[in-house]
Amino acid sequence: MEILHVSAECYPVAKVGGLGDVVGALPKYQQQAGNFVKVVVPAYRTRYYETHEFDVVHQAGMWMGHNWYHFNVLKERSNELGFDLYLVDIPGLLDTPGVYGYPNDIERFLGFQIAVLDWINEWQHQPDVIHCHDHHTGLIPFLLSYGYKYARLKEIPSVMTIHNAQYQGQFGWDKLYLIPSFDLWKSGLLDWGGAINPLAAAIKCAWRVTTVSPGYLEELFTNANGLEWLISHERGKMVGILNGIDNVVWDPSSDYMLALNYDTATVVEGKHENKQQLCERFGLDASLPLVSFIGRLVGDKGADLLPEIIGRSLAELPGEVNFLVLGSGEPHIEWALQQTRHLVSFGFNVHIGYDESLSHQIYAGSDFLLMPSRVEPCGLNQMYALRYGTVPIVRSTGGLKDTVIDFGDQDGVGIRFIQPSVWDVCNSVKRAIALYGDHHHLEEVRLRGMNIDHSWNSSAQRYLEMYRSTK
Ligand code: ADP
Ligand code: GLC
């Protein structure tokens, strides 16, 4: 099968969160399973772009409203990623150092989608499926079906994977003139709540829609940031497929970012050494249990609860636990965490920023990984934690519920709580401290987690079956 993934992120080319990890890994596993897989992402000016060589495979131009943009499609020369990587370079739109957060993001991602479609329109053959990810690529299924220019692409099945329905990419109808002309009778397919809504349009127009865990699909029927009714209506073409992880990138026995590599046989010494170095760097006491948080500092992740959780736990249990936070996001949460750091004299440190290598060291050097998410469509952190022998403490929601069984139940690998509240989390921290004190039980829980195969092997097969079901 020939599969084309279209996405705003792909690790290691450009990554902001889990979307990048998924689009960097799933295609590799699909290619290994005997398919021809291409991934196309914008040519942001990231380190990867600056340090690799590319061939120009397509050159063209496009109108977006009254503006004319020249664009190039570049192909990475070495094929080192295990699939064919293409970058869309649009000077003036996508040649930014970062991925998101620019005032013209609507024009940037619209330009990206138009360039991708114009490029496919020139191919001599057609791919078997076009797999779009999140709202940045949400207009592609609509334009494939109803864009006048793309009539010859009509029969290509399109798939939309919803990584997070909280973000839908809406914009006003006043920007309609930016979209390539289409059958105006179909305008209603773009609309949701009086705005052009790319995610809603994709849910209506894609041949299949997937969510990144079965648990999240169930939740979307009642909690989808305004799309509940639409999701219920389209449920017949929806399926939840659990994300996997890249077992090569995330392997404690070969991860070059760690202080010491380890596997299930050497996990005690391995984690001890990694924890020692991490605690030294952050002024923490390595003899105490270390509870860490890695992620975007936003309300959906429950990051706003962290200052109070940390303050209260350290006040109630002085000298019994350490906390470490790595993340960036909403300024008021960053500020509150820094304030907490100044208020408590020991037991807590925070690194504000994005640091891939530090994240690996934290997965390896921590005893517990805290995820108090309000919304978690899948979550990859808990799967990385499990593979690195770190016990996840998670709110029972979405993909977290699908991947973490409480250690009080049979085959348990983590700690689960129900409410995203300070009280529930503090209670879980107490359970974590008790587990830490019971070395035998801790080792048992840890090893069980490390032995789970969360690699993409089985989920990659499920995607292939879903593609085949479009024929
Ligand atoms: P989301 O995509 O919602 O942010 P996921 O759990 O799916 O959440 O994936 C988050 C990914 O981003 C993981 O690979 C995690 O390690 C990484 N990550 C998040 N914040 C940071 C950070 N500040 N520094 C390094 N890696 C981070
Ligand atoms: C989104 C979700 C996260 C998921 C990731 C990859 O960013 O917030 O839960 O793991 O996509 O699918």
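Look up a bit, the structure's there.
Residues numbered from 1 in each chain as written. Chains lettered and ligands numbered in written order. Predicted model: local features only at pLDDT ≥ 70, side-chain atom pairs only at ≥ 80, totals over all residues. Heavy atoms only, no water.

Asker: Explanation requested: the environment of K204 in the structure shown.
Answerer: Tracing the chain through its elements places K204 in helix α5 (residues 198-205). Separated by 31 residues in sequence, K204 and R235 have C-alpha atoms that sit 11 Å apart. (Helix = DSSP H or I, 4+ residues; strand = E, 2+ residues; numbered from the N terminus.)

Asker: Explanation requested: the pattern of salt bridges in the structure shown.
Answerer: Opposite charge on two side chains makes pairing possible when the charged atoms of those side chains draw close. Evaluated as defined, the whole model comprises 21 salt bridges. Close ionic contact of K15 with D21 constitutes a salt bridge, the shortest N to O distance being 2.9 Å. What makes D21 buried here is its relative accessible area of 10%. Residue K237 is joined to E234 by a salt bridge in which the shortest nitrogen-to-oxygen separation is 3.5 Å. The pair formed by K237 and E234 is uniform in burial state, with each residue classed as buried. A single salt-bridge network, built from bridges that share partners, covers K15, D21 and E356. (Salt bridge = Lys/Arg side-chain N within 4 Å of Asp/Glu carboxyl O. Buried < 20%, exposed > 50% of the residue type's maximum accessible area, 1.4 Å probe, protein only.)

Asker: Quick question: what am I supposed to make of the nonpolar core here?
Answerer: Looking at soluble globular proteins, one finds that nonpolar side chains tend to be buried together. In terms of nonpolar packing, the biggest core is built from 64 residues, with V40, V88, I90, I162, I179 and I231 touching the most fellow members. At nine residues, helix α3 (residues 105-122) tops the list of elements feeding residues into this core. Those residues in contact with V40 that sit more than four places away from it in its chain are L4, H5, V6, S7, Y86, V88, F112, V116 and W119. In terms of nonpolar packing, the next biggest core, distinct from the first, is built from 62 residues, V159, W250, L284 and M466 among them. (Core = buried A, V, L, I, M, F, W, Y, C linked by side-chain atoms within 4.5 Å. Contact = heavy atoms within 4.5 Å.)

Asker: Just to check I follow, could you spell out empty space enclosed by the protein for this structure?
Answerer: By rolling a water-sized probe across the atoms, one finds the places where empty space is left. For the structure shown, the criterion picks out one cavity of 30 Å³ or more. Roughly 40 Å³ of volume is contained in the largest cavity. Every residue along the wall of the largest cavity is listed here: Q166, Y216, E219, N223 and V375. Grouping the constituent residues of the lining of the largest cavity by class yields two nonpolar, two polar and one charged. (1 Å grid on protein atoms, 1.4 Å probe; cavity = no way out; pocket = protein on both sides within 12 Å on 5 of 7 lines; lining within 4 Å. Points joined across faces, edges and corners; volume = space filled by probe spheres on them. Nonpolar A, V, L, I, M, F, W, Y, C, P; charged D, E, K, R; others polar.)

Asker: Looking at this structure, how should I read the state of the cysteines?
Answerer: What we call a disulfide is simply a covalent bond connecting the sulfur atoms of a pair of cysteines. This model, assessed by the stated rule, comprises zero disulfides. Not part of a disulfide, C10 finds its nearest cysteine sulfur in C132, a span of 15 Å. No disulfide involves C205; its nearest neighbouring cysteine sulfur is the one of C132, lying 11 Å away. (Disulfide = S-S within 2.5 Å.)

Asker: Sorry, what's going on with the site of ligand 1 here?
Answerer: Ligand 1 sits among 20 residues. The nearest are G18, D21, R296, K301 and Y363. Between ligand 1 and R296 there is a distance of 2.8 Å, counted from an oxygen atom to a side-chain nitrogen or oxygen. Between an oxygen atom of ligand 1 and a side-chain N or O atom of K301, the distance comes to 2.8 Å. Within the complex, 93% of the 560 Å² of free accessible area of ligand 1 lies under protein. Counting residues per element, the ones that place at least two in the shell around ligand 1 are α1 (18-32), β12 (290-297), β13 (322-329), α11 (356-365) and α12 (381-387). When grouped by side-chain class, the residues that make up the shell around ligand 1 number six nonpolar, eight polar and six charged. (Near = heavy atom within 4 Å. Polar contact = N/O pair within 3.5 Å; in protein donor to acceptor, adjacent residues only side chain to side chain. Areas by Shrake-Rupley, 256 points an atom, 1.4 Å probe, with all protein chains shown as cover.)

Asker: Help me out: how do you make sense of the sheet that holds strand β15 (residues 368-371) in this one?
Answerer: Working definition: the strands of a sheet are paired by backbone hydrogen bonds and lie parallel or antiparallel to each other. Strand order in this open sheet of six strands is β14-β13-β12-β15-β16-β17, and the pairing throughout is parallel. This sheet does not close on itself; its edge strands, each paired only once, are β14 (348-352) and β17 (415-417). Shown here is a sheet whose adjacent strand axes are inclined to one another by a mean of 15 degrees, direction ignored. By the bridge criterion, four bridges tie β15 to strand β16 (residues 391-395) in an arrangement that is parallel. (Pairing = 2+ DSSP bridges. Axes fitted to C-alpha atoms, helices over the stretch in contact; angles between N-to-C directions.)

Asker: Can you help me understand the packing of helix α8 (residues 267-282) against helix α15 (residues 439-450) in this one?
Answerer: The relative placement of two packed helices is expressed as an angle between their axes plus a distance between the axes. Taken N-terminus to C-terminus, the directions of α8 and α15 make an angle of 95 degrees; their axes are 12 Å apart at the nearest point. In terms of axis orientation, α8 runs roughly perpendicular to α15. On α15, the residues that touch V267, V268 and K271 of α8 are E443, R446, L447 and M450. Considering only residue class, the contact of α8 with α15 consists of four nonpolar, no polar and three charged. (Parallel < 35°, antiparallel > 145°, perpendicular 65-115°, else oblique.)

Asker: Help me understand α5 in this model?
Answerer: The α-helix winds at 3.6 residues per turn, so residues separated by three or four positions along the chain end up facing the same way. Counted residue by residue, α5 has eight buried out of eight residues, so it is predominantly covered. Along α5, the residues that are buried comprise P198, L199, A200, A201, A202, I203, K204 and C205. Looking at the packing, one finds that the buried side of α5 touches α4 (140-146), β7 (158-162), β8 (191-192), β9 (195-196), β10 (208-211) and α7 (228-233). With a side-chain oxygen positioned 3.1 Å from the backbone nitrogen of L199, the residue opening α5 is N197.

Asker: Sorry, what's going on with the site of ligand 2 here?
Answerer: Taken together, 13 residues sit near ligand 2, with H163, N243, E376, C378 and G379 positioned nearest. Here an oxygen atom of ligand 2 sits 2.5 Å away from a polar atom, N or O, in the side chain of E376. Contact distances for ligand 2 include 3.4 Å between an oxygen atom and a backbone N or O atom of P377. Alone, ligand 2 offers 310 Å² of accessible surface; in the complex the protein occludes 91% of this. Ranked by residue count, the leading element in the shell around ligand 2 is α1, at three residues. A breakdown of the residues in the shell around ligand 2 according to their chemical character gives six nonpolar, five polar and two charged.

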